[in-house]
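Chain residues, written in single-letter form:
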Amino acid sequence: MTITLDQLNAAPAAEAARWLDGLYEHSPWIAERALQRRPFTSLAQLKRAMVEVLAEAGRDAQVALIRAHPELAGKAMVSKTLTAESTNEQTTSGLTNCSPQEFARIQQLNADYNAKFGWPFILAVRGPRGTGLSRAEIIATFARRLDNHPDYELAECLRNIHRIAEIRLNDKFGHEPVLGNQVWDCAEILARHSDPGYAEHGQLTVTYLTNAHQACQMQLQRWMRDCGFDEVRVDAVGNVVGVYHGSDPSAKRLLTGSHFDTVRNGGKYDGRLGIFVPLVCVRELHLAGRRLPFGLEVIGFAEEEGQRYKATFLGSGAVTGDFAPAWLDQRDADGITMREAMKAAGLPGTLDAIRAGKRDLSRYLGFVEVHIEQGPVLNELDLPLGVVTSINGSVRYLGEVIGMASHAGTTPMDRRRDAAVAVAELAQFVEKRASSVPDVVGTIGMLNVPSGSINVVPGRCTFSLDLRATTNEARDALARDVLAELESICTRRGLHFKVEETMRAAAAPSAPEWQRRWERAVESLGLPVFRMPSGAGHDAMKLHEVMPQAMLFLRGLNAGISHNPLESITNDDAELCVRAFQHLLGQLEEVPA
């Protein structure tokens, strides 16, 4: 039978528990305890209750739950003693039809995994869209996760168990995340376009104004027209702009969007999620014949990553009027100037045309952006959505420590002027100092000994510094302390140093009233509100300079990894993201900003 939430909320405890039997393998106690928290206003709230029940149960109960699961393509499958739910899932992914080589590989992985962790490997084989992973994807994931730390792998198993339960819950309630599927499918389709040198290897790379970038522009324009946008165009820097007019076409607009370029060998959702979600919202408005009392302008920003040219936030910067004229003369690795690339792509390539794209700020209510988190926090908490409180301010440096190169065998330890050890000592200080303050991070991402040799004490060491914090004051305090420590280390060790500041970006705190709108949207889904800073930069940082802004984060799978092919989301989480965006639009409809 198909269950409704009203039925579940009203049913006697025993009957309700019977309806939810099979969500967690041989472990009905999870649903039974969750049902004590009735009534539920949404499936998301019910799922969250089960997540909390398991989290509160402790490690012994969690390990017992994992051990209640069968091995993939294991003895239970061969003997046909799997539960009906597991049989369906393993069959959907073709595990019942493995080749002899695949079966042997999985059996070896099972043995290695059990020897290392002491429990069976758990994977939601129906996958992030619910349609099933391929055997190749399952085997690759199995092999990759063998390298995990036991504590992390325990948590990853539990996250997959909750995903399995989520899909089974959808089946019981006859729920299909139709809007989330549309977002997920858009990401797959747009990811078909990739730059040469990467496309051949199945890697996603889309840099500014390449053929793949222009193919993405055309696809986004087609989708915007199909979704019912009234105006669709590409502006002078290559941004794809769609406008869905309000009931009064002259009314102010809400601005939203994100970037569609990628890093090299990146993921499918970074930036692009923030385009797909409002596209789906506009499509739903158009299908319903609805007009809002304000317009909605969605921009697919042409460039944010700064991969082909060193012009980060080029797309959003042009919208705010912050386009540096010198950018036009920058050359890429092939010697092509930005101006030449623009003209080859059919753009004017003139400063006048670019400056004409600056928006009249009086016509906008504000800017909102949805984005994949690009970090592990929401994934670890098993929360689909997070409300961003501020985008971290940052400062970057390139530095060099100069000592004295000398023979590694004949130079006593107390007479060395080792440049690399000094930078290593600085790295330890950065880690300790940044860890001492909430929401502050510091990274030495590059450390190099030029012309280094195995038997030479390093006489030079170059390094980078990336320092970030939620406020400019916290960022600057961190920078002062780190640079002071560098001077102290070098003085004590008899070394010299040089440091050059290469980038400084101001923090972008969310506008309080807009942040509260996202919070109400999350609450409307039956989810707890989790507030968090953004450690990464986003187009919202540029828009923050000229109008109020606020962001919503969607959790990523695989520890929230981003800028990586493993970047992933589920269709259910995407559905919640669309619903949250729709709720925000509804709030503005009732009480305009």
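Before reading on, note that the structure itself is shown above.
A quick note: this is a predicted structure, and the numbers were derived from the prediction, not measured.

S.K.: Is there a simple way to think about the overall build of the protein chain in this case?
M.R.: Within the protein chain, the regular secondary structure consists of 22 helices and 16 strands. Against the compact-globule benchmark of 25 Å for 593 residues, the protein chain has a radius of gyration of 26 Å, which places it among compact chains. Taking the principal axes of the C-alpha coordinates as reference, the protein chain spans close to 75 × 70 × 45 Å. Here the protein chain, with 593 residues, has 54% of them falling under the buried criterion. Across the protein chain, every contact between residues at least 6 apart in sequence was considered, and the portion connecting residues at least 24 apart equals 76%. Of the roughly 24,900 Å² of accessible surface on the protein chain, 51% is carried by carbon and sulfur atoms.

S.K.: What exactly am I supposed to notice about helix α4 (residues 43-57) here?
M.R.: Note that an α-helix has 3.6 residues per turn; residues three or four places apart therefore point the same way. An ideal rise of 1.5 Å per residue puts 21 Å on 15 residues; α4 measures up with 21 Å between its terminal C-alpha atoms. All of the buried residues along α4 are Leu 43, Ala 44, Leu 46, Lys 47, Arg 48, Ala 49, Met 50, Val 51, Val 53 and Leu 54. In this fold, the buried residues of α4 make contact with α1 (5-10), α3 (29-35), α5 (59-67), α10 (150-173), α17 (377-381) and α22 (571-590).

S.K.: Would you mind showing me how to read the nonpolar core here?
M.R.: Across soluble globular proteins, nonpolar side chains have a tendency to be buried as a group. Of all hydrophobic cores here, the largest spans 81 residues; its most connected members are Phe 323, Met 338, Met 342, Leu 385 and Trp 518. Not counting residues within four places of it along the chain, the set of residues in contact with Met 342 comprises Tyr 208, Leu 209, Ala 236, Val 237, Phe 323, Leu 328, Leu 347, Gly 349 and Ile 354. Ile 3, Ile 30, Leu 35 and Ala 73 belong to the second-largest nonpolar core, a separate cluster that totals 51 residues.

S.K.: Would you explain helix α11 (residues 178-190) in this entry?
M.R.: Compared with the 18 Å implied by 1.5 Å per residue over 13 residues, the 19 Å span of α11 between its first and last C-alpha is a close match. Against the buried residues of α11 lie α12 (211-227), α13 (273-287) and α22.

S.K.: When you look at the packing of aromatic side chains in this model, what are you seeing that I'm missing?
M.R.: The geometry of an aromatic ring pair is captured by the separation of the ring centres together with the interplanar angle, meaning the angle of the planes. The tally for this structure, following the rule as stated, stands at 10 aromatic pairs. Arranged with centres 4.6 Å apart and planes meeting at 50 degrees, the rings of Tyr 113 and Phe 117 form a pair that is tilted. Placement of both Tyr 113 and Phe 117 in helix α8 (residues 100-117) is noted, with a separation of 4 residues, approximately one turn of the helix. Assigned by exposure class, Tyr 113 and Phe 117 land together as buried.

S.K.: Help me understand the pattern of salt bridges, please; the structure alone is not making it clear to me.
M.R.: Side chains carrying opposite charge are able to pair once their charged atoms draw close together. Summed over the entire model, instances satisfying the criterion amount to 40 salt bridges. For Arg 168, the salt bridge is made with Glu 25, and the minimal N-O distance between the two is 3.2 Å. Of this pair, Arg 168 sits in helix α10 while Glu 25 sits in the loop between α2 (13-19) and α3; the two residues are 143 residues apart in sequence, bridging distant segments of the chain. Judged by relative accessible area, Glu 25 falls into the buried class, the value being 2%. Taken together, the salt bridges that share partners define one network made up of Lys 47, Arg 163, Glu 166, Asp 382, Arg 555, Asp 572 and Asp 573.

S.K.: How should I be thinking about the pairing of strand β7 (residues 393-402) in this particular structure?
M.R.: Along any regular strand the residues' side chains alternate between the sheet's two faces. The element β7 is largely enclosed, with a buried count of 7 among its 10 residues. Where β7 lies against strand β12 (residues 460-469), 10 bridges are found, and the strand directions are antiparallel. The residue of β12 that forms the bridge with Glu 400 is Thr 462. Relative to strand β13 (residues 496-505), β7 runs antiparallel, the two sharing 9 bridges. Looking at the pairing, Ser 394 lines up with Ala 505 of β13.

Conventions used here
Residues numbered from 1 in each chain as written. Predicted model: local features only at pLDDT ≥ 70, side-chain atom pairs only at ≥ 80, totals over all residues. Heavy atoms only, no water. Helix = DSSP H or I, 4+ residues; strand = E, 2+ residues; numbered from the N terminus. Rg over C-alpha atoms; globule rule 2.2 N^0.38 Å. Buried < 20%, exposed > 50% of the residue type's maximum accessible area, 1.4 Å probe, protein only. Contact = heavy atoms within 4.5 Å. Areas by Shrake-Rupley, 256 points an atom, 1.4 Å probe, with all protein chains shown as cover. Expected span 1.5 Å × (residues − 1). Core = buried A, V, L, I, M, F, W, Y, C linked by side-chain atoms within 4.5 Å. Phe/Tyr/Trp six-rings, centres within 6.5 Å; stacked < 30°, edge-to-face > 60°. Salt bridge = Lys/Arg side-chain N within 4 Å of Asp/Glu carboxyl O. Pairing = 2+ DSSP bridges.

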